[in-house]
Amino acid sequence: MGSEIVLSVQDLRAVTGFAAECAEGALGIFEADLPDDTRPRDAIGAAWEFARGGERGKVLREVAWAALKAAKCTNSAAPREAAWAAMAAAGAAYLHPLAKSTQVKHILGAAAHAARAAELVADDDQSVGAEHIERTAQLVTPDVVDVLKRFPQAPSGGGRIGELIRTLDARLRP
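Cut-offs and rules
- Residues numbered from 1 in each chain as written.
- Predicted model: local features only at pLDDT ≥ 70, side-chain atom pairs only at ≥ 80, totals over all residues.
- Heavy atoms only, no water.
- Helix = DSSP H or I, 4+ residues; strand = E, 2+ residues; numbered from the N terminus.
- Rg over C-alpha atoms; globule rule 2.2 N^0.38 Å.
- Contact = heavy atoms within 4.5 Å.
- Areas by Shrake-Rupley, 256 points an atom, 1.4 Å probe, with all protein chains shown as cover.
- Lys, Arg positive; Asp, Glu negative; His and termini not counted.
- Charge placed at Lys NZ, Arg CZ, Asp CG, Glu CD.
- Buried < 20%, exposed > 50% of the residue type's maximum accessible area, 1.4 Å probe, protein only.
- Salt bridge = Lys/Arg side-chain N within 4 Å of Asp/Glu carboxyl O.
- Arc of directions from axis to C-beta.
- Core = buried A, V, L, I, M, F, W, Y, C linked by side-chain atoms within 4.5 Å.

> Break down the overall build of the chain for me, with residues and values.
Within the chain one finds nine helices and zero strands. The order of helices and strands in the chain, counted from the N terminus, is α-α-α-α-α-α-α-α-α. The C-alpha atoms of the chain give 15 Å as radius of gyration, which agrees with the globular expectation for 174 residues (16 Å, within 12%). Seen through its principal axes, the chain has C-alpha atoms that stretch 40 × 35 × 30 Å. Partitioning the intrachain contacts of the chain with sequence separation of at least 6 by distance along the chain shows that 75% fall at a separation of at least 24. Summing over all exposed atoms, the chain offers an accessible surface of approximately 8,300 Å²; the carbon and sulfur share of this is 52%. The distance from the centre of the 20 positive side-chain charges to the centre of the 23 negative ones in the chain is 6 Å.

Given below as structure tokens:
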């Protein structure tokens, strides 16, 4: 078990806002596949609402689960990754205050899933994901970097998503 990390509501709002911004960029990939399914959009909207001062309650959990279910409704990998990015955005509000490397996915997961969705749209071109991660690093606020640095570095494993998380994590730590 890791020791506890102090996280304020403002810290959680900063992380969730960053995650929502990352997921929002991939939303069109999902909506191109399932234009009438609003579950990922709803998850991102709820994440933004919390980030801007709303309540961290049951609705965030419900829309995160709904985005996960939406991911299962598509037959294509890129839209699935975009829906997972939306799920991760809503879930970012539930970053646990434990000094465990696995918590880094709550901070950077939406960005990694959005980058992976972009790669898949580009015929699995990993340079697209690398460019996406670099652009994402430019969006990160000092508050999000401060929260990230309280946690151990991202863990090994996790396939391509894990690689993208580790790349962004390394980019954000001096």
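Having seen it, we continue.
> I'd like a rundown of the environment of alanine 137, residues and numbers included.
With respect to the secondary-structure elements, alanine 137 resides in helix α7 (residues 126-139). Here alanine 137 falls in the buried class, since its relative accessible area comes to 10%. For the pair alanine 137 and alanine 111, spaced 26 residues apart in sequence, the C-alpha to C-alpha distance is 9.4 Å.

> Talk me through the pattern of salt bridges; I want residue IDs and the actual numbers.
Tallied over the entire structure, the rule returns eleven salt bridges. A salt bridge links aspartate 37 to arginine 39, with the shortest nitrogen-to-oxygen separation between them at 2.6 Å. For aspartate 37, a relative accessible area of 13% gives the class buried. Judged by relative accessible area, which is 25%, arginine 39 ranks as partly exposed. Of the charged contacts in the structure, one is a salt bridge between arginine 160 and glutamate 163, with a shortest N-O distance of 2.8 Å. Separated by three residues within a single helix, arginine 160 and glutamate 163 lie in helix α9 (residues 159-172), roughly one turn from each other. One continuous salt-bridge network, built from bridges that share partners, spans Arg116, Glu119, Asp124, Arg160 and Glu163.

> Can you tell me about helix α8 (residues 142-149), naming the residues and giving the values?
Of the residues making up α8, those classed as buried are Val144, Val145, Val147 and Leu148. Along the long axis of α8, the arc covered by the buried residues comes to 160°, so they all point the same way. Away from its buried face by more than 90 degrees, α8 exposes Pro142 and Asp143. Considering only its buried residues, α8 is in contact with α1 (9-24), α6 (104-121) and α9.

> Quick one: what's the story with the nonpolar core, residue by residue and with numbers?
Looking at soluble globular proteins, one finds that nonpolar side chains tend to be buried together. If you look at the biggest cluster of nonpolar residues, it comprises 60 residues, and the most contacted ones within it are Phe18, Leu95, Ile107, Leu108, Phe151, Leu168 and Leu172. Per element, the largest residue contribution to this core is nine residues, and it comes from α6. Setting aside its immediate chain neighbours within four residues, leucine 95 contacts Leu7, Leu12, Val15, Gln103, His106, Ile107, Val147 and Phe151.

Honestly, it's all geometry; don't read function into it.
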